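Chains, contacts and geometry: an overview
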Amino acid sequence: MAVDVLLGLQWGDEGKGKVVDVLSTDYNIIARFQGGPNAGHSLEFNNIKHVLHTIPSGIFRDNCMNIIGNGVVIDPIILKKEIVKLQEMGVDVHTKLFISKKAHLILPTHRFLDAASENAKGIEKIGSTLKGIGPTYMDKTGRNGLRVGDIFNEQFHTRYEFLVKKHQDILSFYEYTYDLTDIQKEWFEGIEFLKTFSCIDAEHLLNKFINDGKKILAEGAQGSLLDIDFGSYPFVTSSNTITAGACTGLGIAPNKIGEVIGIFKAYSTRVGSGPFPTELDDEIGNELRRIGQEFGATTGRPRRCGWIDLPALRYAIMINGVTQLVMTKADVLSGFATIKVCTDYLYQNRMIDFMPFDIVNEPVIPQYKTMKGWTKDLTTLTSINDLPKELNDYIIFLEESLKTPITIVSVGPDRNQTLFRNHIKKQ
Ligand code: GDP
Ligand code: IMO
Ligand code: MG
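All values reported here derive from a predicted model rather than from experimental measurement.

Here the focus is the coordination of the magnesium ion (ligand 3). Protein-derived ligands of the magnesium ion (ligand 3) are Asp 13 (OD) and Gly 40 (O), with the metal-ligand distances lying across 2.1 to 2.2 Å. With a gap of 27 residues between them, Asp 13 in the loop between strand E1 (3-8) and helix H1 (16-23) and Gly 40 in the loop between strand E2 (29-32) and strand E3 (41-45) connect regions that are remote in the sequence. For Asp 13, a relative accessible area of 22% gives the class partly exposed. According to the relative accessible area criterion, Gly 40 is buried, its value standing at 12%.

Given below as structure tokens:
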């Protein structure tokens, strides 16, 4: 059985957590393949909202195994807090969660390095979540990192000290003060806690599951426009957030990938710095933020808001090989008299329908098609047939422009606020 992939097509926060939770009834395994606690994946049922950072969004389902793959970076302090919270709610995390021995560890000094680097950048800062993601991936590719499997090694403390010393040497070049004592103690408590979980060779297990015909969904974090290679560099995260990242982040061969489910909001948001062609720095942007409650699930920062951007989405669909689309937050657009869709960019005095190399230094000017809005409240709808005509027109226009079917429309944060349009698995 092939591995399906679900990932974000914009700048993150597209609603991946909600939709993975909804789809997880169809899968035996949910596997996170990259990123770390910079992610905040929200899902909601029984009027309770849950936010997951490192744990896959299938953790609330009894039928699902959840795997943290080798491509993920793990902060033992944050992971422990996340697990304890779930255990307090009665979730049996010990039997449902499996962690790759090859996943890299975020050290307290990685967090300090992240903060020191951001401080030094001043107004040029990336707007990092300051969870130590960049420095940890740097140590991974620099071949200095510590991995989950290393915690069982008797040399672990020595190797930790060696890496911390290196970090302290680097930190001494920055004007940055820090205190390692308390956080380091908490970190080692997190390591002891981590040892009580199943730390495994996840790539072997996943490939066995594939051969056994089990159904696997790979859950992405961040979004395609934050990808280290294809995002708006340098305003990106430090991992490959695209479909290819599921192969390297789980140990799954490219020919084992099945459906690629690309998820996008009915408009656009971005948190942190970097180019955002359709950003609305006006009352409409404020309204999108207010109605959509666009505040970061990890940092609480207000998200920048704007209209949907088709050149950016086309690019993300191409890079990922998206086979079907999920549109979230359609309900947030209810009540806007008109809705704009960016169809092309004006760039260097010519019209283009793709993302050029450098939109950081040479901005693009979005070209819009204006569509009629609708007023109907969508949050109580239970059938796709009850969508207002104007929303159907919007969906069909997007589908045709993107040459990819929209199979699910989300109309609220709850599990049940999900409408299926010829989705291959449901209805
Ligand atoms: P993720 O990082 O992609 O999992 O997305 P986040 O959880 O960071 O952000 C999405 C936010 O939108 C969360 O607060 C969700 O509860 C919420 N959400 C998801 N789908 C919908 C939807 O269709 N309508 C509304 N109003 N909210 C949604
Ligand atoms: P989920 O999985 C939205 C952004 C940060 C910053 C840039 C780099 O919830 O969609 P980093 O901490 O990785 O060094 O930050 O990437 N960013 C996200 N934005 N959603 C996320 O994750 C994000 N993870 C990182 O705001 O601009
Ligand atoms: Mg999020």
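Anyway, onward from the coordinates.
Going residue by residue along strand E5 (residues 65-68), you find Met 65 and Ile 67 tucked away on one face and Asn 66 and Ile 68 tucked away on the opposite face as well. Alignment of E2 against E5, held across four bridges, turns out to be parallel. Each residue of the ladder has a partner; that of Ile 30, found in E5, is Asn 66. Here three bridges tie E5 to strand E7 (residues 97-100), and the two strands are oriented parallel to one another. Looking at the pairing, Ile 67 lines up with Phe 98 of E7.

In the structure shown here, the tally under the stated rule is 13 aromatic pairs. With a centroid separation of 5.0 Å and an interplanar angle of 55 degrees, the aromatic rings of Trp 11 and Phe 276 are classed as tilted. Of the two residues, Trp 11 is situated in the loop between E1 and H1 and Phe 276 in the loop between strand E12 (268-270) and helix H10 (283-291); the sequence distance between them amounts to 265 residues. Ring geometry for Trp 374 against Tyr 394: centres 6.3 Å apart, planes inclined by 50 degrees, an arrangement best described as tilted. Residue Trp 374 is located in the loop between strand E18 (365-372) and helix H12 (389-402), and its partner Tyr 394 is located in helix H12; the two are separated by 20 residues in the primary sequence. Both residues of the pair, Trp 374 and Tyr 394, count as buried. Here the aromatic cluster, defined as three or more aromatic residues joined through ring pairs, consists of Phe 156, Tyr 160, Trp 187 and Phe 188. Here Lys 369 stacks its cationic end above the ring of Phe 397, 4.9 Å away from the centre of that ring. The ring of Phe 45 has Arg 415 lying over it, and the distance from NZ or CZ to the ring centre is 3.8 Å.

Take unusual backbone geometry next. For residues other than glycine, phi is negative in most cases, and the peptide bonds are mostly trans. Omega for the bond connecting Tyr 233 with Pro 234 falls within 30 degrees of zero, at 5 degrees, which places this linkage in the cis form. Look at Asn 47: it is not a glycine, yet its phi comes out positive at around 60 degrees. The class of Asn 47 is exposed, set by a relative accessible area of 76%. One non-glycine residue, Lys 403, lies in the positive phi region at around 55 degrees. Among the structural elements, Lys 403 can be located in the loop between H12 and strand E19 (406-410). A relative accessible area of 73% means that Lys 403 is categorised as exposed.

The subject of this paragraph is the side chain of Gln 10. Within the secondary structure, Gln 10 is located in the loop between E1 and H1. On the basis of relative accessible area, Gln 10 is assigned to the buried category, the value being 4%. Polar side-chain contacts of Gln 10 include one of 2.7 Å to the backbone nitrogen of Lys 265.

For H10, the full list of buried residues reads Gly 285, Leu 288 and Arg 289. Looking down the long axis of H10, one finds its buried residues gathered within 95 degrees of arc, a one-sided arrangement. Exposed residues on H10 whose side chains face more than 90 degrees from its buried face are Glu 283 and Arg 290. Looking at the packing, one finds that the buried side of H10 touches strand E13 (304-306). Its side-chain oxygen 3.1 Å from the backbone nitrogen of Ile 284, Asp 282 forms the N-cap of H10. At the C-terminal side of H10, Gln 293 shows a positive phi close to 45 degrees.

Thresholds applied
- Residues numbered from 1 in each chain as written.
- Chains lettered and ligands numbered in written order.
- Predicted model: local features only at pLDDT ≥ 70, side-chain atom pairs only at ≥ 80, totals over all residues.
- Heavy atoms only, no water.
- Donors = N, O, S within 2.8 Å, 3.2 Å for Na, K, Ca; no water.
- Helix = DSSP H or I, 4+ residues; strand = E, 2+ residues; numbered from the N terminus.
- Buried < 20%, exposed > 50% of the residue type's maximum accessible area, 1.4 Å probe, protein only.
- Pairing = 2+ DSSP bridges.
- Phe/Tyr/Trp six-rings, centres within 6.5 Å; stacked < 30°, edge-to-face > 60°.
- Lys NZ or Arg CZ within 6 Å of the ring centre and 35° of its normal.
- Polar contact = N/O pair within 3.5 Å; in protein donor to acceptor, adjacent residues only side chain to side chain.
- Arc of directions from axis to C-beta.
- Contact = heavy atoms within 4.5 Å.

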